[in-house]
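Remarks on the overall topology
Below are the chains, spelled out letter by letter.
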Amino acid sequence: MSDEGIQILPFYLVADASLSMQADGKMDTLNDLLPQLRDELVRNPVVGDMVRFGLLDFSDDASVVLPLTDIRQVEVLPLLAPRGGTSFVAAFTALKAQIEADYAQLKADGFTIKRTTAVFLSDGAPTDDAAAWQQAFAALTEWDPETGQGFRLFPNLIPVGIGDCDRETLKALRHRKEGEAAMPALFMADGGNPAKAIAELIPLLIRSIVNSSLAQAGATADQGAAAKAMADTLANAEGFDVELD
Amino acid sequence: MSDPDLVPAAAPLPALEPAAEQPDAGVYSIGDRGMAADVEGLPALVAGGQPDALVDAGAVGDLVVRLASVRGAGHRYDATVRQDDAGVAVAGPDGSWLVVAVADGVSAGRLSHLAARAVVRGAAPPRRPPRCRRDPAELDWDEIIGTLAAQVLLLARRESGDEALEARDAARVMASTVALAVVPTAAEAGGARTATVVPVGDTSAWVLRAGTTWEPVTAVKNAGEAVASSATIALPLLPTEVATAAVVLGPGDALLFMTEGVGDPLGDGTGEVAATLAAWWAAPPSRWAFAAQVDFGRRSHTDDRSAVGVWLPPVHRGSPATGDGTGAAVDAPAPPGAPAGADPAGGDGAAPGGGSAARAVTGDGPEPAR
């Protein structure tokens, strides 16, 4: 039996593991997140059948803690431990590489792959300089379908701020920021539960990414023979019956 | 409340053979079934007033018809209604044409199930013959599609209470793709016939050629895309051009229309799902088996599912085309491209077993047969 055409929604959590995450129990909150997410995916089989979950953490460098997997099958979930600074460059670069690697594997296995979603969870501002992380962000998110320039597998990116974070910087990481697939930014007040917020996001993502949506239709109401017929029908709408029952 | 005297004494049920071999037609899977396929959910009638499944079946002329529109696991889990719809009608002099309409309400619209129903009822009205009284090749499909779009827009205005709603905003309230088709209910002398297929959006049409090969009539979705998209064109928005396809069918062929809940897993018509559906549908299944098969479990495919199958008789029982006087059945499909009119696109048509089943996809409609 092949996996051909089975739809996969890749979902990555990119988590800040800098030393500041030790304060105020933020690391514990993060480590509680994985089992709660798994519970949510088990509870909702429609979502669980489709989502593959991956975990990256970053500090001065970034690492793949859990490669893209059916989290329902993982018995022992990893625990994150804090270290060093907060390099967004390391995070974005590692995420891009991992998306490419996982895509190649899934594609080779015959899966149909939906647009990747990544949740970027941080409590602080980047420790690398602005030009550097902005360049890494552009390399991860920019794609021009006309010219084929950029990263065609770009993820939808949802920043989640916990604790006393730099909200403006994190908000700038939303991708895409406009249109039908505009992504939110989430900020957790003290004691807020990011696991619950993220778990609630996933079914919404499924609906917006997986379910059918409207393409930009070609014709407007003043073009073409069909449009004329439509206008004529509307003009004579009185007495027109729409049979439903 | 019952009078004990009127209640007959319970009689024991007769014993059954232990191995009464009744195949279970209720549950079908293709490959990994996933977990979502077994979601119960609220009954659809509780959730929103239309049943979980719509099933119809029967014969029209020499065609056998199977129709099923089944709520997907996603809507079962969410306790929302099926947004697909499907219908058939008979039109033309002496019932010469079977009209098929299959619609997929766009899930981004809250009331898209009403758009799907309106499109189906508009194209294949249940209580009066559809407007198709001419040769389908001569029909003005622009007018038909434009009228259906207006019908959806009017309904969206009524439901939203905003009489000035424009099509683009109406489409956010309700929108539906549709595949329409007109299939002759009798074969021409050689045993072939030409169906006309008109798709708007990604509801697809396929020929199951002699029960073995899937030939796409409509464009295969997401072909060549790195990341699969779910965006589609849907009424009340209009396509830039209303395309029509003429499809030549021979004995033993079937024409299948399906919403993306079936079309997506079918893919390009060459994989495991395609092989399984071809085996199930090489000949018309029972109506219940057809509905259960349309509802097949396959991991991650949780959209609403609709399919209408139209089967031609396996053997043509018309007057012998060669005039050899035997009256014997002609047990051979007509060669492709032989019976119908000129190909307006000037192309070669389709070779069996490869490429598209459509002989012509044009914006102007095919030329009349004969």
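Residues numbered from 1 in each chain as written. Chains lettered and ligands numbered in written order. Predicted model: local features only at pLDDT ≥ 70, side-chain atom pairs only at ≥ 80, totals over all residues.

1. Some points on the overall build of chain B
Filter applied, for reference: Each helix is a run of DSSP H or I of at least 4 residues and each strand a run of E of at least 2, with the numbering of both proceeding from the N terminus. Any residue with 12 or fewer other C-beta atoms within 10 Å of its own C-beta is exposed, any with 20 or more is buried, and the rest are partly exposed; the C-beta atoms used are placed from the backbone. Here the contact rule is simple: place C-beta atoms from the backbone, and any two residues whose C-beta atoms are within 7 Å are in contact.
Within chain B, the regular secondary structure consists of eight helices and 13 strands. Within chain B, the proportion of its 370 residues that are buried is 52%. Put simply, of all contacts in chain B between residues at least 6 apart along the chain, 74% involve residues at least 24 apart.

2. Some points on the packing of helix H3 (residues 112–123) of chain B against helix H4 (residues 141–160) of chain B
Residue and element names in this part refer to chain B. Put simply, the rule reads: Helix axes are fitted to C-alpha atoms over the stretch in contact, other axes to C-alpha atoms as well, and angles between N-to-C directions run from 0 to 180 degrees. Just so you know how the angles are binned, under 35 degrees is roughly parallel, over 145 roughly antiparallel, 65 to 115 roughly perpendicular, and the rest oblique. Note on convention: the crossing is left-handed when the near helix lies turned anticlockwise from the far helix by less than a right angle, right-handed when the turn is clockwise. Polar here means any residue other than Ala, Val, Leu, Ile, Met, Phe, Trp, Tyr, Cys and Pro, which are nonpolar, and Asp, Glu, Lys and Arg, which are charged; Gly is therefore polar.
Where H3 meets H4, the axes come as close as 9 Å, and the angle between the chain directions of the two elements is 140°. The angle between the axes of H3 and H4 places the two elements in the oblique class. Seen from above, H3 lies across H4 with right-handed handedness. For the pair formed by H3 and H4, the contact residues are Leu114, Ala115, Ala118, Val119, Gly122 and Ala123 on the first element and Leu148, Gln151, Val152, Leu155 and Glu159 on the second. Tallied by class, the residues present in the contact of H3 with H4 amount to eight nonpolar, two polar and one charged.

3. A few points about the environment of A:Ala182
Residue and element names in this part refer to chain A. For Ala182, the location among the structural elements is in the loop between helix H5 (167–171) and strand E9 (186–188). For Ala182 and Leu157, which are 25 residues apart along the polypeptide, the C-alpha to C-alpha distance reads 9.4 Å. Aside from chain neighbours lying at most four places away, what touches Ala182 is Arg176 and Lys177.

4. Quick word on helix H4 (residues 130–141) of chain A
Residues and elements named next belong to chain A. In plain terms, the rule: An expected span of 1.5 Å times one less than the residue number is assigned to each helix. In this description, one arc is meant: the one made by directions from the helix axis to the C-beta atoms.
Across its twelve residues, H4 extends 16 Å between first and last C-alpha, which sits within 8% of the 16 Å expected from 1.5 Å per residue. Buried within H4 we find Trp133, Ala136, Leu140 and Thr141. All buried residues of H4 fall inside an arc of 120° around its axis, so they share one side. Across H4 from its buried face, at more than 90 degrees, point the exposed residues Ala131, Gln135 and Ala138. Buried residues along H4 sit in contact with helix H3 (88–108) and strand E8 (156–162).

5. Notes on the interface of chain A and chain B
Contacts between the two partners involve 43 residues from chain A and, on the opposite side, 54 residues from chain B. Going through the elements one at a time, helix H2 (45–48), strand E4 (112–113), helix H6 (194–210), strand E10 (213–214) and helix H7 (224–235) of chain A are the ones with two or more residues in the side of chain A that touches chain B. When residues of the side of chain A that touches chain B are assigned to their parent elements, the largest contribution, nine residues, is made by H7(A). Taken together, the residues of the side of chain A that touches chain B break down into 23 nonpolar, twelve polar and eight charged.

6. Focus: the confidence of the model for chain B
Residue and element names in this part refer to chain B. The following threshold applies: Per-residue confidence from the prediction method is given by pLDDT, with values spanning 0 to 100.
Of the residues in chain B, 78% reach a pLDDT of 70 or more, and the chain-wide mean stands at 82. Note that residues 359–370 has pLDDT below 50 and, in this model, 45 contacts with residues that lie over four places away or in other chains. Predicted complex metrics record ipTM = 0.81 and pTM = 0.82.

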